[in-house]
Amino acid sequence: MIDMDLHARHSTEVRRAADLADGLTKNLRKLNDGPVFDHDRAKLIGEVDAWFVALSESIGKRQA
(Lines give C-alpha, C1' and ligand atoms only; values in the text may rest on other atoms or scores of the structure.)
Protein backbone atom coordinates (compact mmCIF):
# COMPACT_ATOMS: atom_id res chain seq x y z
CA MET A 1 0.00 0.00 0.00
CA ILE A 2 1.27 3.47 -0.85
CA ASP A 3 1.64 5.98 1.95
CA MET A 4 -0.03 8.96 0.26
CA ASP A 5 1.27 11.49 2.79
CA LEU A 6 4.85 10.35 2.22
CA HIS A 7 4.32 10.35 -1.54
CA ALA A 8 2.90 13.88 -1.41
CA ARG A 9 5.86 15.12 0.69
CA HIS A 10 8.37 13.58 -1.69
CA SER A 11 6.55 14.98 -4.72
CA THR A 12 6.59 18.45 -3.15
CA GLU A 13 10.32 18.18 -2.43
CA VAL A 14 11.05 17.09 -6.00
CA ARG A 15 8.96 19.95 -7.44
CA ARG A 16 10.73 22.45 -5.18
CA ALA A 17 14.15 21.16 -6.24
CA ALA A 18 13.09 21.37 -9.90
CA ASP A 19 11.89 24.97 -9.43
CA LEU A 20 15.16 25.89 -7.73
CA ALA A 21 17.18 24.21 -10.49
CA ASP A 22 15.18 26.20 -13.05
CA GLY A 23 15.95 29.46 -11.23
CA LEU A 24 19.63 28.54 -11.08
CA THR A 25 19.62 27.73 -14.81
CA LYS A 26 17.96 31.01 -15.76
CA ASN A 27 20.48 33.04 -13.78
CA LEU A 28 23.43 31.08 -15.17
CA ARG A 29 22.14 31.80 -18.67
CA LYS A 30 21.87 35.51 -17.87
CA LEU A 31 25.42 35.44 -16.52
CA ASN A 32 26.65 33.57 -19.58
CA ASP A 33 25.04 36.19 -21.86
CA GLY A 34 27.54 38.62 -20.39
CA PRO A 35 26.33 41.73 -18.57
CA VAL A 36 28.06 44.87 -19.68
CA PHE A 37 28.85 46.38 -16.29
CA ASP A 38 30.78 44.84 -13.41
CA HIS A 39 28.03 45.64 -10.90
CA ASP A 40 25.52 43.73 -13.07
CA ARG A 41 27.85 40.74 -13.20
CA ALA A 42 28.43 40.88 -9.45
CA LYS A 43 24.66 40.99 -8.83
CA LEU A 44 24.08 37.96 -11.09
CA ILE A 45 26.88 36.03 -9.39
CA GLY A 46 25.20 36.73 -6.04
CA GLU A 47 21.88 35.51 -7.42
CA VAL A 48 23.47 32.34 -8.84
CA ASP A 49 25.06 31.70 -5.46
CA ALA A 50 21.74 32.20 -3.66
CA TRP A 51 19.93 29.79 -6.02
CA PHE A 52 22.73 27.24 -5.64
CA VAL A 53 22.63 27.42 -1.84
CA ALA A 54 18.83 27.07 -1.82
CA LEU A 55 19.00 24.08 -4.18
CA SER A 56 21.77 22.45 -2.15
CA GLU A 57 19.80 22.83 1.06
CA SER A 58 16.66 21.53 -0.64
CA ILE A 59 18.35 18.28 -1.62
CA GLY A 60 20.01 17.92 1.75
CA LYS A 61 23.50 19.18 1.05
CA ARG A 62 24.83 21.83 3.41
CA GLN A 63 27.66 24.17 2.55
CA ALA A 64 30.61 24.27 4.89
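Rules and cut-offs
Residues numbered from 1 in each chain as written. Predicted model: local features only at pLDDT ≥ 70, side-chain atom pairs only at ≥ 80, totals over all residues. Heavy atoms only, no water. Helix = DSSP H or I, 4+ residues; strand = E, 2+ residues; numbered from the N terminus. Expected span 1.5 Å × (residues − 1). Buried < 20%, exposed > 50% of the residue type's maximum accessible area, 1.4 Å probe, protein only. Contact = heavy atoms within 4.5 Å. Polar contact = N/O pair within 3.5 Å; in protein donor to acceptor, adjacent residues only side chain to side chain. Core = buried A, V, L, I, M, F, W, Y, C linked by side-chain atoms within 4.5 Å. Arc of directions from axis to C-beta. Salt bridge = Lys/Arg side-chain N within 4 Å of Asp/Glu carboxyl O.

1. Some words on helix H1 (residues 4–33)
Because the α-helix completes a turn every 3.6 residues, residues three or four places apart line up on one side. Here H1 spans 43 Å end to end across 30 residues, near enough to the 44 Å set by a 1.5 Å rise per residue. Residues Ala17, Leu20, Gly23, Leu24 and Asn27 constitute the buried set of H1. In the core, the buried residues of H1 are packed alongside helix H2 (38–58). N-cap assignment for H1: the residue whose side-chain oxygen lies 3.2 Å from the backbone N of aspartate 5 is aspartate 3.

2. A word on the nonpolar core
Within the largest apolar cluster, 5 residues are counted, these being Ala17, Leu20, Leu24, Val48 and Leu55. Where this core is concerned, the elements lending two or more residues are H1 and H2. Top contributing element to this core by residue count: H1, with 3 residues. Excluding residues that lie within four positions of it along the chain, alanine 17 makes contacts with Leu55, Ser58 and Ile59.

3. Topic: H2
For H2, built from 21 residues, the straight-helix expectation of 30 Å at 1.5 Å per residue is met to within 8% by its first-to-last C-alpha distance of 30 Å. Residues of H2 that are buried: Leu44, Val48, Leu55 and Ser56. An end-on view of H2 places all buried positions within 110° of arc, on one side of the element. Opposite its buried face, H2 presents the exposed residues His39 and Lys43, each directed more than 90 degrees away. Residues of H2 that are buried make contact with H1. Within two residues after H2, glycine 60 carries a phi angle of roughly 90°, on the positive side.

4. Side note on the pattern of salt bridges
All chains considered together, the criterion is met by 2 salt bridges. The partner of lysine 26 in a salt bridge is aspartate 22, with the nearest N and O atoms 3.2 Å apart. Placement of the pair is lysine 26 and aspartate 22 together in helix H1, with a separation of 4 residues, close to one helical turn. Look at lysine 26 and you get partly exposed, because its relative accessible area is 48%. The shortest N-O distance in the salt bridge between arginine 41 and aspartate 38 comes to 2.6 Å. With arginine 41 and aspartate 38 both in helix H2, this residue pair falls 3 residues apart, about one helical turn. Here aspartate 38 falls in the exposed class, since its relative accessible area comes to 54%.

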